[in-house]
Amino acid sequence: MTRPPIAMLAELTHRCPLACPYCSNPLDLVRGAAEMGTEDWARIFREAADLGVLQLHLSGGEPAARRDLVDLAAAARAAGLYTNLITSGIGLTAARLKALDAAGLDHVQLSLQGTDAAMADAIGGLEGAFARKLEVARQIGEIGFPLTLNAVLHRRNLHQLPRAIEMALELGARRLEVATVQFHGWALRNRDALMPSRGQAREAGRIVAKARARLRGRLVIDYVPADYHGDYPKRCMGGWGSTGLNVAPDGTVLPCHAAQTIPGLEFWSTRKEPLARIWAENPAFNAYRGTEWMAEPCRSCERKTKDFGGCRCQAMALAGDAGATDPTCVKSPLHADLAARAEAHAAADAAFVFRPAPGRETAGQGA
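Residues numbered from 1 in each chain as written. Predicted model: local features only at pLDDT ≥ 70, side-chain atom pairs only at ≥ 80, totals over all residues. Heavy atoms only, no water.

Peer 1: What am I meant to see in the overall build of the chain here?
Peer 2: Within the chain, the regular secondary structure consists of 14 helices and nine strands. Compactness check: the chain gives a C-alpha radius of gyration of 20 Å against a globular reference of 21 Å for 367 residues, within 12% of the reference. With the C-alpha coordinates of the chain rotated into their principal frame, the extents come out at 55 × 45 × 45 Å. A buried classification covers 54% of the 367 residues belonging to the chain. Partitioning the contacts of the chain with sequence separation of at least 6, the portion at a separation of at least 24 is 71%. Surface exposure of the chain reaches about 15400 Å², of which carbon and sulfur atoms provide 53%. Both charge centroids of the chain, one from 43 positive and one from 39 negative side chains, sit 4 Å from each other. (Helix = DSSP H or I, 4+ residues; strand = E, 2+ residues; numbered from the N terminus. Rg over C-alpha atoms; globule rule 2.2 N^0.38 Å. Buried < 20%, exposed > 50% of the residue type's maximum accessible area, 1.4 Å probe, protein only. Contact = heavy atoms within 4.5 Å. Areas by Shrake-Rupley, 256 points an atom, 1.4 Å probe, with all protein chains shown as cover. Lys, Arg positive; Asp, Glu negative; His and termini not counted. Charge placed at Lys NZ, Arg CZ, Asp CG, Glu CD.)

Peer 1: It is not clear to me how the layout of surface pockets should be interpreted in this structure. Could you clarify?
Peer 2: Over the atoms, a rolled probe matching the size of one water molecule traces out where space is still vacant. Of the voids in this model, the second largest pocket is the one considered here, and its volume is about 210 Å³. Around the second largest pocket sit 17 residues that line it, and P26, D28, L254, H257 and Q260 are the ones nearest its centre. (1 Å grid on protein atoms, 1.4 Å probe; cavity = no way out; pocket = protein on both sides within 12 Å on 5 of 7 lines; lining within 4 Å. Points joined across faces, edges and corners; volume = space filled by probe spheres on them.)

Peer 1: For this particular structure, what's the right way to read the sheet that holds strand β6 (residues 175-180)?
Peer 2: Hydrogen bonds between backbone groups are what pair the strands of a sheet, and the pairing can be parallel or antiparallel. Taken together, the nine strands give an open sheet; going across it, the order is β7-β6-β5-β4-β3-β2-β1-β8-β9, and neighbouring strands pair in mixed fashion. Two strands lie at the open edges of the sheet, namely β7 (220-224) and β9 (253-254), each paired on one side alone. Two elements, strand β1 (residues 7-11) and strand β2 (residues 55-59), share five bridges in a ladder whose sense is parallel. Note that in β2 the partner of A7 across the bridge is Q55. Here helix α5 (residues 129-143) sits on the sheet in contact with β4 (107-112) and β5 (147-153), set at roughly 160° to β4. (Pairing = 2+ DSSP bridges. Axes fitted to C-alpha atoms, helices over the stretch in contact; angles between N-to-C directions.)

Peer 1: How should I be thinking about the pattern of salt bridges in this particular structure?
Peer 2: For side chains bearing opposite charge, pairing can occur when the charged atoms are close. Under the criterion given, the structure shown has 20 salt bridges. For the salt bridge of K331 with E302, the shortest nitrogen-to-oxygen distance reads 3.4 Å. Of this pair, K331 sits in the loop between α13 (312-319) and α14 (335-347) while E302 is found in the loop between α11 (283-286) and α12 (304-307), placing the two residues 29 residues apart along the sequence. For K331, a relative accessible area of 32% corresponds to the partly exposed category. The salt bridge partner of D307 is R303, with a shortest N-O separation of 3.1 Å. (Salt bridge = Lys/Arg side-chain N within 4 Å of Asp/Glu carboxyl O.)

Peer 1: Could you clarify how one ought to interpret the packing of aromatic side chains in this entry?
Peer 2: Each aromatic ring pair is characterised by the separation of its centres together with the angle its planes make. Counted according to the given criterion, the structure contains six aromatic pairs. Centroid distance W41 to F45: 6.0 Å. Interplanar angle 35°. Geometry classified as tilted. Within this pair, W41 and its partner F45 are both found in helix α1 (residues 38-51), separated by four residues, close to a single helical turn. Residue W41 shares its accessibility class with F45, and that shared class is buried. When the ring of F352 is compared with that of F354, the centres are 5.7 Å apart and the planes differ by 75°; the resulting orientation is edge-to-face. F352 gets classed as buried once you look at its relative accessible area, which sits at 1%. Classification of F354 by relative accessible area gives buried; the value is 1%. Among the aromatic residues, those joined into a ring-pair cluster are W240, Y288 and W293. One cation-aromatic arrangement involves R156 over F352; the distance from NZ or CZ to the ring centre is 4.5 Å. Residue placement shows R303 over the ring face of Y232; its charged tip is 4.0 Å from the ring centre. (Phe/Tyr/Trp six-rings, centres within 6.5 Å; stacked < 30°, edge-to-face > 60°. Lys NZ or Arg CZ within 6 Å of the ring centre and 35° of its normal.)

As structure tokens, this is what we get:
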């Protein structure tokens, strides 16, 4: 029997005022007209709770782009879900935050594109966004929401990591997520502009380890290390179809953000099937569950129940085969080539290719 998921990511919309070149959303964004309505989402929240989901993450795009965000937070509370809002802060006001608090929102996760306006606004593609973000962080603190700061780091801003840690303390965050960019969606198109060097990746690990020791009991620091510079892959999503699921703005249910990049998989929609049936019976969810699908060297590897062969979407992107060993693993025959390619990407001098945003061309200059 398939264990129920613990968490669900509700991608309420792909609309976003920012144009981040590391965005993990698909290149083919769901348009506003295809988004599910309030009642559809409320039904899905109830189905998720009945399935066993405990944590709900309201995400996007920018979830504040939805006029019914407060209603959705109230629906999540009515379903009994612990609800976290993942936001850039753009589109939130003091009045709206207070309404979200009254509706039962439990937690806010605020993104950080850089530690100063020049860096943050250049990466996000919106002038004034950094100042607005700081004001929203202040309002979050006044209301009393628990706050997580989410810093996506890459070659252009990794030098700002020490300052990001200090900002988390200054803004009253309880948790800081230091996420080295992962190359899916728009980030994959921007590898030549975003790839950190091996030296940067190692230095980031050293800084995080030192900060964790210094700030134990004051700030929790989660760390997502650089994929291409390690010896072993991450346990992506805790294992395909094992602990979490994503619901796209149009109702398509996915094991992870990038799952639609794997050809041959059919993903069912909550507009046609109940969430419980999708989780248990959709062949796409069962395609890479557990370990039976594995080939060598994964099948006989002692790590197979630790990292489950790594990321299936990354294997597809780098090896051309979603069933292959993730090339970020030293046991992959492609690992040495990947390490060389990573250094080549890190040495490239490329401009950002920006995620589309209102009033923004799709290509522009890097920070």
